[in-house]
Every structure is written in structure tokens, then in C-alpha cells.
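# Structural overview
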Amino acid sequence: MGLHTRPPCRSMPGLWSALRSLWLALACAAGVPAFASAQPGTAPREDGPPAEAWRQWRSVLFRVQAPSLPSAVPDGAAAEPVNFIFGTIHFGDPEELALDTGVMREAMRHTRMLVNEVDNDAHWDASKERYRLLADQAGLPGLIGPQAYAELQRLLPGVPPALLHRLKPWAALALLEARGEVAGEQTLDRRLERWATDMQLRTEHLETLDEQLAALDCVPSAEQALVLKQRLQTPWLFGEQSARVLEYYRSRNLAAWLDEIDAMVGLDARARPIEERARRCLIEARNERWLPRLDELLRQGGMFVAVGAIHLTGAAGLLERLRQRGFLIVAEPL
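Anyway, here's the lowdown on the structure attached to this text.

By definition, a disulfide links two cysteine residues through a covalent bond between their sulfur atoms. Per the stated rule, a full pass over the model turns up one disulfide. Two residues, Cys-218 and Cys-281, share a disulfide whose sulfurs are 2.2 Å apart. Given an S-S torsion of about 105°, the disulfide between Cys-218 and Cys-281 has right-handed geometry. Here Cys-218 is found in the loop between α8 (209-216) and α9 (221-232), whereas its partner Cys-281 is found in helix α12 (residues 272-300), with 63 residues between them in sequence.

What follows is the structure, given as C-alpha cells:
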């Protein structure tokens, strides 16, 4: 593999790569349905939800009703198209992720547009290598030191030495959380796209590939190197955290997943502010950028929105921000 070829196309729902897994994939490669009743306590009350209502939303599929859409449709009247927001983990088999594909497909059938993060077929060219490769010839060993680099080599034996030498710290972190799942036509995001095509839904993207890559690469490599060095001191945490994150998703507990990210286990007081800045670029800043367009689309009705699940939860998450704008959020069993 040369320096200007795509990186190993593999990732997993880990602490960091769950936020960055779409980069790895890209770098490789009418009427409201009669769904089951929402889970108790998931819909906002008329007098307003309690503090941190987002912690009560235990699902990865949400029905979203815009303020302008009627809550009830008279008999014989045409219903406004319903909206759904789905929190994807990008990779993984639906069975492993405990997803009912029948429910998901039925939800999508009642919409008219798939809205996702980025075009999965976006062209990868040499100009984009600057986001993942270091320009300094000293490379990654020059940033993290020979001892940490030797540990990185041990943990990533499948990455060609010439490529590993040039990887930016954030890209190395993403690969460290890989479990060997190959990105291809069977990824969760690809399935959603195929279903949308089969149903003749239009597709819209919330950001360009360059915008997404810039978010991944927003922290200077010299600073991100400190995070990588400290994570390499406790390599067993990668597997432990990844297993917990997968369980959070399977149990639909996105709030606990966010708590895991906020805990920043294995990082000290020097590295935590760096990790926090990276997290703001990856989650909050992108949510802020997406929100106006999502507001506009959801008010039109008929949208099936699929974004990384971690974007949905938290006080700055998309669901809470939409609720503050008057949208009704109902968690659907899945």
C-alpha cells in the first residue's frame, strides 16, 4: 500500500472511532405508520420536560414532529409525512446491533428523503491526504517518541510501515479501535442507502467530505500526539471501552455512551482539554452546523435522517436542540 492509497477499511463502534468511523468508510470506500406506542416518559409533557429529558430517551429511532404539523389528522384527511431520526453506528450487522430491520424499513417507507452526514461515494483524491498524513518527514515517531511508536507498531501490525510513519495521531487512534470489520456494501449506512434507492427516496447530505475531514483533523497533531501517547500506555482499554460502547448501543442507552466519552478514561489533566476540543469539533460544532438545515427539512416533513448516534444525545445533542425549537420527540421501540 502506498502513501496515497486509502487506509485499511475497518473500524468498530469504539470511543473515538465511533465518531470517526465514517471517515474510515469514505477513505476505503404517506400516513403515519402504525408503530408501537412510544416508551413511557419519552415524549415531552405539555408543561415541559424535566431537566436533562434527553437521558430518558432510550432508543436509536425517534419520531420527530415539527411544530407546524398537526398532532392528529381528521378521518379521511391526508396525513402530513412523518419524520424519523435514526442514530447509526455506521458499521456493524443489524443482528449484532440488535436492530429490527423490518421496523427500520417500515419507518423509511413513510418518508420521502434520506438525509445523512456525507456522500458515501464522495471522491477521494490526493488533496484530501493532508487531513490524515503528516507533512513532516520525522512523521509520527517524531511526535510520540520511539517507545510509544514501537508500541503502536505492535498494536497495528497490518498497517504498512511507510503509511504508519506518516499517519496523523487522530488517524492512528481510529485504527487502534478497529476490530477488523471491513467496510463494504454491508455496512449499516450502505444498507440505509440501498433501502432508500429501492424505495425511490431522494438523498441529501448534511456536510461535504472536506468539512467532515476538517472536523476530524481540527486539533493540531503536536497536541493530539499527547492523547495518543497516553492512550498507548493503557492499550487494553481500547477493547474494554469498545465492548461497553457496543452494549450501550444495543441497550439504546446513548446517554451512558456520552458519559463514557466525557469520562476520558486514561487521560490526565494535560490531555483532557485536548480531547475536549476534539470532541467539540466532532460533535457540538457539527451539530450546530447541521441544525439550521435539519430544522428546515424536518418542517417540510417526510425525512428519514441518519446520523451518528452520539450526535443525538446530550444537552447539545440534536434531539434536545430540536426539542428546544418546538419539535415533538418520541422514542420508537427498535
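Following the structure, the description resumes.
What follows concerns α8. Every buried residue of α8 is accounted for by Leu-209, Gln-212, Leu-213, Ala-215 and Leu-216. The arc that holds the buried residues of α8, viewed along the axis, is 155°, so those residues lie on one side.

The six strands are arranged β4-β3-β5-β2-β1-β6 in an open sheet whose pairing can be described as mixed. Here the strands that pair on one side only, and so sit at the sheet edges, are β4 (202-205) and β6 (328-332). Ignoring which end each strand starts from, the neighbouring axes of this sheet average 25° apart. Of the strand pairs in this sheet, strand β3 (residues 113-116) and strand β5 (residues 303-308) are connected by four bridges, and their pairing is parallel. Of the residues in β5, the one forming a bridge with Met-113 is Met-303.

With that settled, the discussion passes to the pattern of salt bridges. A side chain of one charge can pair with a side chain of the opposite charge when the charged atoms of the two come close. This structure, assessed with the given rule, holds 28 salt bridges. When the shortest N-O distance is used, the salt bridge between Arg-191 and Asp-93 registers 3.5 Å. Of this pair, Arg-191 sits in helix α7 (residues 188-198) while Asp-93 sits in the loop between β2 (83-88) and α2 (101-109), and the two are 98 residues apart along the sequence. As a salt-bridge pair, Arg-299 and Asp-295 come within 2.4 Å of each other at their nearest N and O atoms. Note that Arg-299 and Asp-295 are positioned in helix α12 at a spacing of four residues, about one turn of the helix. Residue classification places Arg-299 among the partly exposed positions, given a relative accessible area of 33%. With relative accessibility at 9%, the residue Asp-295 sits in the buried group. One network of salt bridges, in which partners are shared, links Glu-117, Glu-207, Arg-286 and Arg-289.

A separate point is helix α6 (residues 169-176). Within α6, eight of the eight residues are buried, leaving the element largely enclosed by the surrounding structure. All buried positions along α6 are accounted for by Pro-169, Trp-170, Ala-171, Ala-172, Leu-173, Ala-174, Leu-175 and Leu-176.

Along the chain, the position of Arg-252 falls in the loop between α10 (236-250) and α11 (254-263). Notably, Arg-252 is buried but unbridged: the nearest opposite-charge side chain belongs to Glu-247, and the N-O separation is 8.6 Å. Reaching out from Arg-252, the side chain makes a polar contact with the backbone oxygen of Ala-98 at a distance of 2.2 Å. Polar contacts involving the side chain of Arg-252 include one to the main-chain carbonyl oxygen of Tyr-249, which spans 2.7 Å. Leave out the neighbours within four places in its chain, and Arg-252 touches Trp-57, Arg-58, Ser-59, Val-60, Leu-97, Ala-98, Leu-99 and Leu-334.

Before going further, it helps to spend a moment on the packing of α9 against α12. Packing of α9 against α12 leaves a shortest axis separation of 9 Å and a crossing angle of 115°. Classified by the angle between their axes, α9 and α12 sit roughly perpendicular to one another. Between α9 and α12 lies a crossing of left-handed hand. Every residue of α12 that contacts α9 at Glu-223, Gln-224, Leu-226 and Val-227 is listed here: Ile-274, Glu-275, Arg-277 and Ala-278. Residues that form the contact of α9 with α12 fall into these classes: four nonpolar, one polar and three charged.

How each quantity is defined
- Residues numbered from 1 in each chain as written.
- Predicted model: local features only at pLDDT ≥ 70, side-chain atom pairs only at ≥ 80, totals over all residues.
- Heavy atoms only, no water.
- Disulfide = S-S within 2.5 Å.
- Helix = DSSP H or I, 4+ residues; strand = E, 2+ residues; numbered from the N terminus.
- Buried < 20%, exposed > 50% of the residue type's maximum accessible area, 1.4 Å probe, protein only.
- Arc of directions from axis to C-beta.
- Pairing = 2+ DSSP bridges.
- Axes fitted to C-alpha atoms, helices over the stretch in contact; angles between N-to-C directions.
- Salt bridge = Lys/Arg side-chain N within 4 Å of Asp/Glu carboxyl O.
- Lys, Arg positive; Asp, Glu negative; His and termini not counted.
- Polar contact = N/O pair within 3.5 Å; in protein donor to acceptor, adjacent residues only side chain to side chain.
- Contact = heavy atoms within 4.5 Å.
- Parallel < 35°, antiparallel > 145°, perpendicular 65-115°, else oblique.
- Left-handed = near helix turned anticlockwise from the far one by under 90°.
- Nonpolar A, V, L, I, M, F, W, Y, C, P; charged D, E, K, R; others polar.

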